[in-house]
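Here is how the chains run, residue by residue.
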Amino acid sequence: MLMIGKRLIATMVFLSIIGCTLTAQQNSITTFGANTSGTTPNTSPQKPERLFLQQISDVSVIIKWRGEAMQACLATGAGPLTEKTTCVTAKETTGRHKEALFEQLTADTAYVYSVGEYSAPSLRFRTAPPTGSPPKDGNVHVWIIGDSGTATEQYPLGNYTHPGEAKMVLDGFLKYNAESNPLLKNEAVDVFLLLGDNAYIDGTDKEWQGAVFDLYTEILTQSAVWPTIGNHEMGSGELNPTGTRIVHYPGASLTANPNNYMSRENLTPRRIPYLDIFTLPTDGNVGGVASGTEQYYSFDYGNVHFVSLDSQLSARDKIQRDAMRGWLIADLSSNQLDWTVVIFHHPPYTKGSHDSDEKPSSFLGIDTPIIDMRKEFTPVFEDYGVDLVYGGHSHSYERSYYLNGHRGDANSFDEKIHSELNSDGKAATGYGGESYFQVSPGSQKDDKVVYTVAGSSGKVSLKKGKLDHPAHTVQQHDPERRRGLAELGSVVLDASSTELTARFINEKGEIRDTVVIRR
Amino acid sequence: MSQPNIIRARISLAVISLLCCAGHAFSHPGDEHKLEQLNAVITQQPSLQSAYIQRAALYTRTGNYPLAEKDFEAAQTLGDLYLVSHELGAYYFKIKKYVAAVNQFTNYLEHYPNHYPTLEYRAEAYREIGKTQKSLEDFSHFLETSPYTNPGHYLTVAQIILSETDQGNSIDDAISIIDLGISRSGNSPQLQSFAVQLEISREFFDAALTRHESLRDITSASPRWHVEMAEILVTSKQWGKARDQLNQSAVKLADYKKTPAREKLLIHIEKLQRHISDKL
């Protein structure tokens, strides 16, 4: 009886302590100081320090910025903004950001906008098509970059180790998009995916500014950006205070807790800047099932369902990992769209600058999220109709065959068991006459997935990696015919109602790999 | 710390910084690389406490316990004991010496009372040695000061509560925690489905049905959601309603893209339908 009493008291204390902080911690963006008058306000002539779009759906958008302006205005068409423009007073959110939520928009429609008095021809976007339908141009156009954050990478301070390389990848994409895109020249990016490690070396707010907002400025003002958490979003590995300062080990954090972020600038454990910068859907309001956390989430864009998982934090704790997996199953069980794309940072299969084998290549160092994601999540992807999975972490490009059932180390891979086969009984390559079908001709099921490592959007490194994972295709453009490309680049994904095509585009704008899935 | 010691410490840390960073274009310094760096630092500064702590932590992380222990012992002779306490606690935690871990974490928290990793560690260590109330207190402190929580945090605390021997009251408390999580992070399958299982376990079937019903819109009433609803109804012997849910699920499945999971779900539906037919 005494024990029960003590337990109840402890629980009541627990509830009362937490309850009193409840209001302060809610982070709703659905209510604004309503000012939807029909006039364009004059609040500030300044260009925002950062300006980007979040959660573009078929009916809504969040315009987010940092700066003096207190409201944003929006109008349909190509502009300019008129007296009939709708304006919304912003809500101030964490990280000195401001957000204006516009609702009741028209699907698949062009809009122009301004922030305060700042307007420019580049401030325009298109709403998503109705859920389930491809856009009017027939194609969801997605740009994917991983480990791109080198614009701010300095070792030691002041010495930029990869100057200009992320910009080269951006220029390569823009060149491809303007000159070589086989579908539509200069097609606007509908969805912009970040695979993690996009702001080296700690993922500080300042580094996000330099590596992302100052670099991809125009794309960010026209497309919604959807990120996932990388190891370099978590600052430094946890080290003891020495009495004078903390020695800094970037990208080595092992915590599962988003509040344990530490960097060189501030050693007090605090919330990860990533979560202050982005406003991500926790309640399923952009499609998908509510996750209750911004660490992992899903959304729909037209006929494509996207899922962003958290392999950096949630994956490191069994209860958190199980919760994320349970949510993923509920989410994918509800999904009816043509295509499903999943992103997270740690790739299940890689032999680049990281190694996905459970047996470490040296006496130190295995990457546990890689193993856990492969063993516990790839079965879900295969069973629940996922088509493509993207990760980064390794600073190269590697793309798998059409896989099913491979959970072990590289040496346990058997193409006859684990991959779609061509007419010669070899692993089909995914391009040319060997493109894949969503419903596998072999198994008559939608049970296979293409896994891609796209972590060379800011630098290339292999360390001891040999790009020789047998689950990956041999790359025809690699001079050594390895199973990967040691080249700078990014991925462009195009989804029509019948075909999903992913291309790796290098920094020169050249197509270096293509994989096609048909339905 | 005296002025000469401060200067010496600053020089030592400058050496660490140079050795760590100079000339390297690495972005993910591997453990092996870090070990080489720390070995070099210790060779140059054999009395630098922080370097021994870092190397011990690295050895702990990679399972090299005898070497970790040796470095911790060295570190304790080179400076304030509390500076060693967090990492030493983590070492004891990893080798399952939870009482020793709690002692070290407590020592560290006396100096850094809001250090999240230590609070979380100590909560887990208390849990391992059966001190559930202490564990809850640490978790409450953690959630109180945490600017951000997610469903997994509440599931963690709920499972700690359930680990207590008195299941009846534990379920009440665990459900309270889950509901707190729902109120803070919104309704989600992770939390609500856990609560549904708890309600079923104490045979509160109406509550289980109400909770599962709250996931209808969130899951777009997927075929899987209907089957889960049917399972609750079967458990509560509401055969007719269960059959209706299964029928709805089967109809929807016919329109959904076929996946292995949905094929398995269909087989499960047929099995449940046969079970219900036997009962009716």
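Just so you know, these numbers come straight off a predicted model, no measurement behind them.

1. Topic: the overall build of chain B
- When helices and strands are tallied, chain B shows 15 helices and 0 strands.
- Buried positions account for 53% of the 280 residues belonging to chain B.
- Counting only contacts in chain B whose residues sit at least 6 apart along the sequence, the fraction spanning at least 24 positions is 46%.
- Within the structure as shown, chain B displays about 12200 Å² of accessible surface, and the carbon and sulfur contribution to it stands at 52%.

2. Examining the overall build of chain A
- Looking only at helices and strands, chain A has 9 helices and 21 strands in total.
- Taking the contacts inside chain A whose residues are at least 6 apart along the sequence as the reference set, 69% of them involve residues at least 24 apart.
- Summed over its atoms, the accessible surface of chain A is roughly 17700 Å², and 52% of this surface lies on carbon and sulfur atoms.

3. Details of the state of the cysteines
Residue and element names in this part refer to chain A.
- All told, the structure shown has 1 disulfide over all chains when counted by the stated rule.
- Here Cys73 engages in a disulfide with Cys87; their sulfurs sit 2.1 Å apart. Handedness here is read from the sign of the S-S torsion; for Cys73 and Cys87, about 105 degrees, the answer is right-handed. Linking Cys73 in strand β3 (residues 71-76) with Cys87 in strand β4 (residues 86-89), this pair joins segments that are 14 residues apart in sequence.
- Among the residues examined, Cys73 registers a relative accessible area of 0% and is labelled buried.
- Classification of Cys87 by relative accessible area gives buried; the value is 1%.

4. Overview of helix α3 (residues 165-180) of chain A
Residues and elements named next belong to chain A.
- Relative to the 22 Å expected for 16 residues at 1.5 Å per residue, α3 spans 21 Å between its end C-alpha atoms, a close match to the ideal helical length.
- Within the span of α3, buried status applies to Glu165, Ala166, Val169, Leu170, Gly172, Phe173, Tyr176 and Asn177. Down the axis of α3, the buried side of the element spans an arc of 160 degrees, and every buried residue falls inside it.
- Turning to α3, the residues buried within the fold contact β9 (140-145), α5 (217-222), β19 (489-495), β20 (499-506) and β21 (511-518).

5. Some thoughts on the confidence of the model for chain A
Residues and elements named next belong to chain A.
- Per-residue confidence for chain A averages 87 on the pLDDT scale, and 85% of its residues sit at or above 70.
- Here residues 239-246 is modelled with pLDDT under 50, and outside its nearest four sequence neighbours on either side it reaches 27 contacts, counting other chains as well.
- Counting interchain partners and residues more than four positions distant, the pLDDT-below-50 stretch residues 361-365 has 11 contacts.

6. Quick look at helix α8 (residues 368-383) of chain A
Residues and elements named next belong to chain A.
- Taking 1.5 Å of rise per residue, the 16 residues of α8 would be expected to cover 22 Å, and the 23 Å separating its terminal C-alpha atoms lies within 8% of that figure.
- Of all the bends in α8, the largest measures some 40 degrees and sits at Phe377, one to four residues before the proline Pro379.
- Burial runs high along α8: 13 of the 16 residues are buried.
- With its phi angle positive at about 85 degrees, Gly385 sits one or two positions after the end of α8.

7. Points about the nonpolar core
- Within the largest apolar cluster, 166 residues are counted, with the highest numbers of intra-cluster contacts made by A:Trp143, A:Phe192, A:Tyr216, A:Leu309, A:Phe381 and A:Tyr390.
- Residues in contact with A:Phe192, not counting those within four places in the same chain, are A:Trp143, A:Ile145, A:Tyr216, A:Ile219, A:Leu220, A:Ser223, A:Ala224, A:Val225 and A:Trp226.
- B:Leu48, B:Ala56, B:Phe72 and B:Tyr91 belong to the second-largest nonpolar core, a separate cluster that totals 18 residues.

8. Concerning the packing of helix α6 (residues 98-111) of chain B against helix α7 (residues 116-128) of chain B
All names here are of chain B.
- At their nearest, the axes of α6 and α7 sit 9 Å apart, and the two run at 150 degrees to each other. As judged from the angle between their axes, α6 and α7 are roughly antiparallel. Seen from above, α6 lies across α7 with left-handed handedness. Across the interface between the two elements, Tyr98, Ala101, Val102, Phe105, Thr106, Tyr108 and Leu109 of α6 pack against Thr118, Leu119, Tyr121, Arg122, Ala125, Tyr126 and Glu128 of α7.
- Class assignment for the residues of the contact of α6 with α7 results in 10 nonpolar, 2 polar and 2 charged.

9. Focus on the pattern of salt bridges
Residue and element names in this part refer to chain A.
- Counted by the stated rule, this structure contains 38 salt bridges over all chains.
- Two residues, Glu153 and Lys459, come together in a salt bridge whose shortest N-O distance is 2.9 Å. Note that Glu153 is positioned in the loop between β9 and α3 and Lys459 in the loop between β18 (449-454) and β19, a separation of 306 residues in sequence.
- Its salt-bridge partner being Asp494, residue Arg503 comes within 3.4 Å of it at the nearest N-O pair. In this structure, Arg503 and Asp494 share a single accessibility class: buried.

10. Observations regarding the packing of aromatic side chains
Residues and elements named next belong to chain A.
- A full pass over the atoms with the stated rule returns 29 aromatic pairs over all chains.
- Aromatic side chains Trp143 and Phe173 sit 4.4 Å apart centroid to centroid with 15 degrees between the ring planes, which places their arrangement in the stacked category. Placement of Trp143 in strand β9 and of Phe173 in helix α3 is noted, with a sequence separation of 30 residues between them. For the pair formed by Trp143 and Phe173, the shared burial category is buried.
- Here the aromatic residues Phe52, Trp208, Phe213, Tyr274 and Phe278 are joined through ring pairs into a cluster of three or more.
- One Lys or Arg, Arg519, reaches over the ring of Trp339 and ends 5.9 Å from the middle of that ring.

11. Brief notes about the sheet that holds strand β13 (residues 304-308) of chain A
Residue and element names in this part refer to chain A.
- With mixed pairing, 6 strands are arranged side by side in an open sheet as β12-β13-β14-β15-β18-β16. In this open sheet, the two edge strands, each paired with only one partner strand, are β12 (297-301) and β16 (397-403). Neighbour to neighbour, the strand axes of the sheet diverge by 15 degrees on average, direction disregarded.
- Direction of pairing for β16 relative to β18: antiparallel, over a ladder of 5 bridges. When the bridges of β18 are listed, Glu398 appears paired with Val453.
- This element, helix α7 (residues 318-334), spans β12, β13 and β14 (339-343) of the sheet and lies at about 175 degrees to β13.
- Running over the sheet, α8 touches β14, β15 (388-391), β16 and β18 and is turned about 130 degrees from β18.

About the cut-offs
- Residues numbered from 1 in each chain as written.
- Chains lettered and ligands numbered in written order.
- Predicted model: local features only at pLDDT ≥ 70, side-chain atom pairs only at ≥ 80, totals over all residues.
- Heavy atoms only, no water.
- Helix = DSSP H or I, 4+ residues; strand = E, 2+ residues; numbered from the N terminus.
- Buried < 20%, exposed > 50% of the residue type's maximum accessible area, 1.4 Å probe, protein only.
- Contact = heavy atoms within 4.5 Å.
- Areas by Shrake-Rupley, 256 points an atom, 1.4 Å probe, with all protein chains shown as cover.
- Disulfide = S-S within 2.5 Å.
- Expected span 1.5 Å × (residues − 1).
- Arc of directions from axis to C-beta.
- pLDDT = per-residue confidence, 0-100.
- Bend = angle between axes of the 7 residues up to and from the residue.
- Core = buried A, V, L, I, M, F, W, Y, C linked by side-chain atoms within 4.5 Å.
- Axes fitted to C-alpha atoms, helices over the stretch in contact; angles between N-to-C directions.
- Parallel < 35°, antiparallel > 145°, perpendicular 65-115°, else oblique.
- Left-handed = near helix turned anticlockwise from the far one by under 90°.
- Nonpolar A, V, L, I, M, F, W, Y, C, P; charged D, E, K, R; others polar.
- Salt bridge = Lys/Arg side-chain N within 4 Å of Asp/Glu carboxyl O.
- Phe/Tyr/Trp six-rings, centres within 6.5 Å; stacked < 30°, edge-to-face > 60°.
- Lys NZ or Arg CZ within 6 Å of the ring centre and 35° of its normal.
- Pairing = 2+ DSSP bridges.

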